[in-house]
Amino acid sequence: MRIVRLIARDELRLMLRNRVALIAFALILLLTGAAVASSWSHQRAIAERRARHQHAAERAFDAQPDRHPHRMVHYGHFLFRPLGPLAAFDPGVDAFTGNSMFLEGHRQNTANFGDVRQSSLLIRFGQLTPAFVLQIVAPLLLVFLGFGSLARETERGTLRLLMLQGASRRQLVAGKLLALGAVALAAAAPAMLGLLLIAGQPGALALPMLTIALGYGLYLGLWVVLILLVSAVVRRSRDALLVLVALWAVTSVLLPRAVPDLAGGAVPLRNRLQTEVAIARDLRRMGDSHDPDDPHFTRFRQALLDRHRVERVEDLPFNYKGLLALEGERLSAALFDLYAAQSFAAQARQNAMVDAAGLLSPAIALRGLSMAAAGTDFAAHRRFLEQAEAYRYALVQRLNRMQAEAVTYADDSATDAGADRRKRIGAAHWQALPDFRFVAPTGATLARAALPGLAMLGLWLVAASALLGWATRRLGAGR
Amino acid sequence: MSLPSSAPILIEDLTVAYGDQPVLDGLTLGVGAGRITALLGGNGAGKSTTLSTLLGFTRARSGRVAVCGIDPGAAPDAARRHIAYLPENVALYAHLSAVENADYLLALSDERHGRAAIVDALRAAGLQERAWDQRLAGFSKGMRQKVAIAVALLRAVPVLLLDEPTSGLDPRATADFNGLLSAVRERGTAVLMVTHDLLSAADVADEIAVLEAGRVAHRVAACGPERFDVRALHARFQVAA
């Protein structure tokens, strides 16, 4: 261990005496610090803004005057996707998916107003986040600091010198690993400090944060091993640098951008217009509650009349129009659910393809892990959409039930001068409706979702370490 | 030739080949404690391969090699602990000063010397004082050679292997170096010096062995009835080269 420490200390001394390395290291510290600060403030501003808008939407809904319940169904409600504290570390797909939804009767709207559509800055440059710095920039820094670790020793003949002083190949590689590992730790320190800051926030979950720290540790450790592997195998430092930059460009830049496009091409999604046309067509096929001759609603009316042993809808103990609205909503929601499930399934297939590409690119594996643990991945978006739809359906059906129970059929069908006032019910009805409360996943759920990414990174690390072991045994042979 | 089995450097009937190309072919050579042997020979005669085999970097095809009783082919790390080696092309660390280089390399060998001992060795090796704390990036080949000599001298090991040790040195430094070698001999170190510098060899060696076709073709002693004549040896060496 004494020799390993000495070699590591000398490697670090070399870096400290290299002005370019020092500047690069200072830059990454600055970049990570800036990313932590800006991402932190961005996340807090977004979370605060969405909470404020949500509160305003709830007040506006509650402030509606006495009305016919169906007017409230169409008045609708707004929901804003809450943003968890870990989004400050990795905002994931949050900026790209919509963050607000308009809830109304008869239709499921998609989330709107993704941040990238509202900010030309985000479209052009993306957001500077700690996750981005650690996923993309930190490996490049490690490459520039470590490409010559072993290649330089063989190239300049100092490898033999070290071995003559009693250092074994294994000790030499271990010393270099220790030095570059220390650099990786130092590079990750500001981001991890940011993670600790997040840990102090309400709603921050320890298990996902530990998972994130472990994932990034594995990822940077993997890069350290890969760098030394290439540096051990390639004869010249310059060639090692070329190989490593190419490896970085392919695995960290090219594949993470190309694979989602390939997955999108392999599993095409319907666009919004196609979906809406298809849903409208199916709705027409399903039946029209306003058409007295529509077969489905004729059967529905007859079943009601039979069950209550009456001849006319006017004699039913509730407002038939409210029942019609309940049934119509049930049918349309089932149809929308079907289309949503198809869309989710297609997106899940796309995501599975992207996740599998983690075997080709550790950056893809880490990105999946990071977003999953931070609760900012597609699954988190879907979780919000599903909870929002469940809330929308319950809200609309409650209003439809109010129409059925609090407004008489006679008043609802009347057209005289005072009919409009008689159809209204008190505002207390909607004020008593429960507000939307997003049920955030547990820490264990988030950590479990990150396990495939962790496993892939573990596989990468084991394979790279085995190759480094082989390269260590051959180090300096035949030179 | 019979060699005492306790000799720090012992080579018996050594055969080394690179592929089908034999480089050493039945080489037998020994260097006892407190003795300096100069190994001469033309290019490709097997001088560097002999050193490489002693250092454990090249495996013998047959024969016996021992450094202080240890086979460097089987236990290179153990054998190297007994060897100080000065290569022809000195590789040192350009980001470290002369003192730092010595300190680092000696620390790796677990031979800690204070700064005073290191600067004494640098001074003895002929490196000017103003260069002691300068980084090696701007050093000439000769200056680097002096740093390496200082490191080799500081290592208190029983075997010193030298590969063209005076190739980068001026005549004054060469003479100083030869003086240092004599001091090393006095402390009982076995020295094997590969060189083309016949004058140096004649000046400092106890014995000169001339390699031809992978084996010792001529062996002359520095004193006694076999004491060598430099002119005759030079003529022979010219023919061999």
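Cut-off values and rules
Residues numbered from 1 in each chain as written. Chains lettered and ligands numbered in written order. Predicted model: local features only at pLDDT ≥ 70, side-chain atom pairs only at ≥ 80, totals over all residues. Helix = DSSP H or I, 4+ residues; strand = E, 2+ residues; numbered from the N terminus. Buried ≥ 20, exposed ≤ 12 C-beta atoms within 10 Å, placed from the backbone. UniProt positions renumbered as here; feature names shortened; annotations may be inferred. Expected span 1.5 Å × (residues − 1). Contact = placed C-beta atoms within 7 Å. Nonpolar A, V, L, I, M, F, W, Y, C, P; charged D, E, K, R; others polar. Domains from an automatic or database assignment. Pairing = 2+ DSSP bridges. Axes fitted to C-alpha atoms, helices over the stretch in contact; angles between N-to-C directions. Core = buried A, V, L, I, M, F, W, Y, C linked by C-beta atoms within 7 Å. Parallel < 35°, antiparallel > 145°, perpendicular 65-115°, else oblique. pLDDT = per-residue confidence, 0-100. Bend = angle between axes of the 7 residues up to and from the residue. Left-handed = near helix turned anticlockwise from the far one by under 90°.

Named according to an unreviewed UniProt entry, chain B is ABC-2 type transport system ATP-binding protein originating from Sphingomonas abaci.

In the nomenclature of an unreviewed UniProt entry, chain A is known as ABC-2 type transport system permease protein of Sphingomonas abaci.

J.: Hey, could you run me through unusual backbone geometry in this one?
T.: Most of the time, phi is negative for any residue but glycine, and the peptide bond is trans. Its identity as a non-glycine residue notwithstanding, Arg309 of chain A has a phi of 55°, on the positive side. Following the sequence through the fold, Arg309 of chain A ends up in the loop between α13 (295-308) and α14 (320-356). Phi is positive for Asp13 of chain B, close to 50°, though the residue is something other than glycine. Within the element layout of this structure, Asp13 of chain B appears in strand β1 (residues 9-18). Taking the number of C-beta atoms within 10 Å as the measure of exposure, Asp13 of chain B has 14 and is therefore partly exposed.

J.: How should the UniProt feature "transmembrane region" (unreviewed entry) in chain A be read in this particular structure?
T.: Residues and elements named next belong to chain A. The sites that carry the UniProt feature "transmembrane region" (unreviewed entry) are, in the present numbering, residues 132-151, 172-199, 205-229, 241-259 and 449-471. The annotated region residues 132-151 carries 80% helix and 0% strand content, and the separation between its end C-alpha atoms amounts to 29 Å. The annotated region residues 449-471 carries 96% helix and 0% strand content, and the separation between its end C-alpha atoms amounts to 35 Å.

J.: Help me understand helix α12 (residues 272-286) of chain A in this model?
T.: The α-helix advances 3.6 residues per turn, and as a result positions three or four apart in sequence lie on the same side. All names here are of chain A. With 15 residues, α12 extends 21 Å between its outermost C-alpha atoms, agreeing within 8% with the 21 Å of an ideal straight helix rising 1.5 Å per residue. Burial of α12 is sparse: only zero of the 15 residues sit out of reach of the surface. In the segment just after α12, Gly287 is the residue with positive phi, at about 140°.

J.: Any chance you could explain the interface of chain B and chain A here in plain terms?
T.: Interfaces are often described in size by the accessible area the parts lose on coming together. On the chain A side, the residues contacting the 14 residues of chain B number 16 residues. Listing elements by their share of the side of chain B that touches chain A, those giving two or more residues are α2 (76-80) and α3 (98-108) of chain B. Element by element, the count of residues in the side of chain B that touches chain A is highest for α3 of chain B, at four residues. Among the residues forming the side of chain B that touches chain A, the class breakdown is eight nonpolar, three polar and three charged.

J.: Whenever I open this one, the domain arrangement of chain B confuses me. Can you help?
T.: Domains assigned within chain B are domain 1 (1-82 + 158-241) and domain 2 (93-156). Tallied by class, the residues present in the side of domain 1 of chain B that touches domain 2 of chain B amount to six nonpolar, one polar and two charged.

J.: Just to check I follow, could you spell out the sheet that holds strand β7 (residues 190-194) of chain B for this structure?
T.: Residue and element names in this part refer to chain B. Overall, mixed pairing links the six strands, which are arranged β5-β6-β7-β3-β8-β9 in an open sheet. Edge positions in the open sheet fall to β5 (83-86) and β9 (215-221), since each of these has one partner strand only. Averaged over all adjacent pairs, the angle separating strand axes in this sheet is 20°, with direction ignored. Helix-sheet contacts for helix α1 (residues 47-54) involve β3 (36-41), β6 (159-163), β7 and β8 (207-212), and the interaxial angle to β6 is about 150°. Each of β3, β6 and β7 is contacted by helix α6 (residues 171-186), which is oriented at about 145° to β7, the strand it contacts most.

J.: Whenever I open this one, the pairing of β9 of chain B confuses me. Can you help?
T.: Side-chain positions along a regular strand alternate between the two faces of the sheet. As defined by bridge partners, β8 of chain B adjoins β9 of chain B across six bridges and the pair is classed as antiparallel. Residue pairing for β9 of chain B: Ile208 of chain B is matched across the bridge by Val220 of chain B.

J.: Even after reading the chapter, I still don't get the nonpolar core, so can you show me in this structure?
T.: One broad trend across soluble globular proteins is that nonpolar side chains are buried collectively. Core analysis: the largest hydrophobic core is formed by 168 residues, its most contacted members being Leu142, Ile227 and Leu228 of chain A together with Ala150 of chain B. Of the residues that make up this core, three or more belong to each of domain 1 (1-82 + 158-241) and domain 2 (93-156) of chain B. With residues near it in sequence (within four places) discarded, Leu142 of chain A still touches Leu180, Val183, Ala184, Trp223, Val224 and Ile227 of chain A. Phe80, Met101, Phe384 and Val396 of chain A belong to the second-largest nonpolar core, a separate cluster that totals 19 residues.

J.: What's the story with the packing of helix α11 (residues 237-266) of chain A against helix α15 (residues 362-374) of chain A in this structure? I'm lost.
T.: The packing of two helices is summarised by the inter-axis angle and the distance between the axes. Residues and elements named next belong to chain A. Contact pair α11 / α15: the axes reach a minimum separation of 8 Å and the direction vectors enclose 65°. The orientation of α11 relative to α15 falls into the category roughly perpendicular. Contacts between α11 and α15 involve Thr251, Ser252, Leu255, Pro256 and Val259 from the former and Pro362, Ala363, Ile364 and Arg367 from the latter. Here the contact of α11 with α15 is composed, by residue class, of six nonpolar, two polar and one charged.

J.: Is there a simple way to explain the environment of Val224 of chain A in this structure?
T.: Residues and elements named next belong to chain A. On the secondary structure map, Val224 appears in helix α10 (residues 206-233). Residue Val224 is classed as buried on the basis of its C-beta count, with 27 C-beta atoms lying within 10 Å. Taking the C-alpha atoms as reference, Val224 lies 21 Å from Leu30; in sequence the two are 194 residues apart.

J.: How should I be thinking about the confidence of the model for chain A in this particular structure?
T.: In low-pLDDT segments, the atomic positions of the prediction should not be examined closely. Here chain A averages 86 in pLDDT, while 95% of its residues score no lower than 70. Confidence drops under a pLDDT of 50 for residues 120-125 of chain A, and excluding neighbours within four residues, the segment shows five contacts in the predicted structure.

J.: Sorry if this is basic, but what is going on with the sheet that holds β1 of chain B here?
T.: Paired through their backbone hydrogen bonds, the strands of a sheet run either parallel or antiparallel. Residues and elements named next belong to chain B. With antiparallel pairing, the three strands of this open sheet are ordered in space as β2-β1-β4. Strands with a single pairing partner mark the edges of an open sheet, and in this sheet they are β2 (21-31) and β4 (62-67). Here the strands of the sheet are splayed against their neighbours by 25° on average, with no regard to which way each runs. In this structure, β1 lies alongside β2, joined through eight bridges in antiparallel fashion. By the bridge assignment, Val16 is partnered in β2 with Leu24.

J.: What am I meant to see in the environment of Pro72 of chain B here?
T.: Residues and elements named next belong to chain B. Topologically, Pro72 is positioned in the loop between β4 and α2. Of the residues examined, Pro72 has 25 C-beta atoms within 10 Å and is grouped as buried. Separated by 15 residues in the primary sequence, Pro72 and Phe57 place their C-alpha atoms 8.3 Å from one another. Leaving out residues up to four positions away in the same chain, Pro72 has contacts with Leu54, Leu55, Gly56, Val65, Val67 and Ala79.

J.: Looking at this structure, how should I read α11 of chain A?
T.: All names here are of chain A. Compared with an ideal rise of 1.5 Å per residue, which puts 30 residues at 44 Å, α11 spans 40 Å between its outermost C-alpha atoms and is within 8% of the ideal. The largest bend along α11 reaches roughly 45° and is located at Leu254, with the proline Pro256 sitting one to four residues downstream. Every buried residue of α11 is accounted for by Ala240, Leu241, Val243, Leu244, Trp248, Thr251, Ser252, Leu255, Pro256 and Val259. The inward-facing, buried residues of α11 abut α6 (130-146), α7 (151-156), α10, α14 and α15.

J.: Honestly, the packing of α15 of chain A against helix α21 (residues 451-474) of chain A in this entry has me stumped. Any pointers?
T.: All names here are of chain A. The geometry of α15 relative to α21 is characterised by a closest axis approach of 8 Å and an angle of 150° between their N-to-C directions. Classified by the interaxial angle, the pair formed by α15 and α21 is roughly antiparallel. Between α15 and α21 lies a crossing whose hand is left-handed. Here α15 contributes Pro362, Ala365, Leu366, Gly368, Leu369 and Ala372 to the contact with α21, which in turn contributes Gly453, Leu454, Met456, Leu457 and Trp460. Split by residue class, the contact of α15 with α21 holds nine nonpolar, two polar and no charged.

J.: Would you mind showing me how to read the environment of Gly458 of chain A here?
T.: Residues and elements named next belong to chain A. In this structure, Gly458 sits in helix α21. Accessibility expressed as a C-beta count within 10 Å gives 15 for Gly458, which makes it partly exposed. Between the C-alpha atom of Gly458 and that of His429, which follows or precedes it by 29 residues, the distance is 55 Å.

J.: Where do I start with the confidence of the model for chain B in this structure?
T.: With 90% of its residues at a pLDDT of 70 or more, chain B shows a mean pLDDT of 84. What the predictor reports for the complex is a pTM of 0.84 with an ipTM of 0.82.

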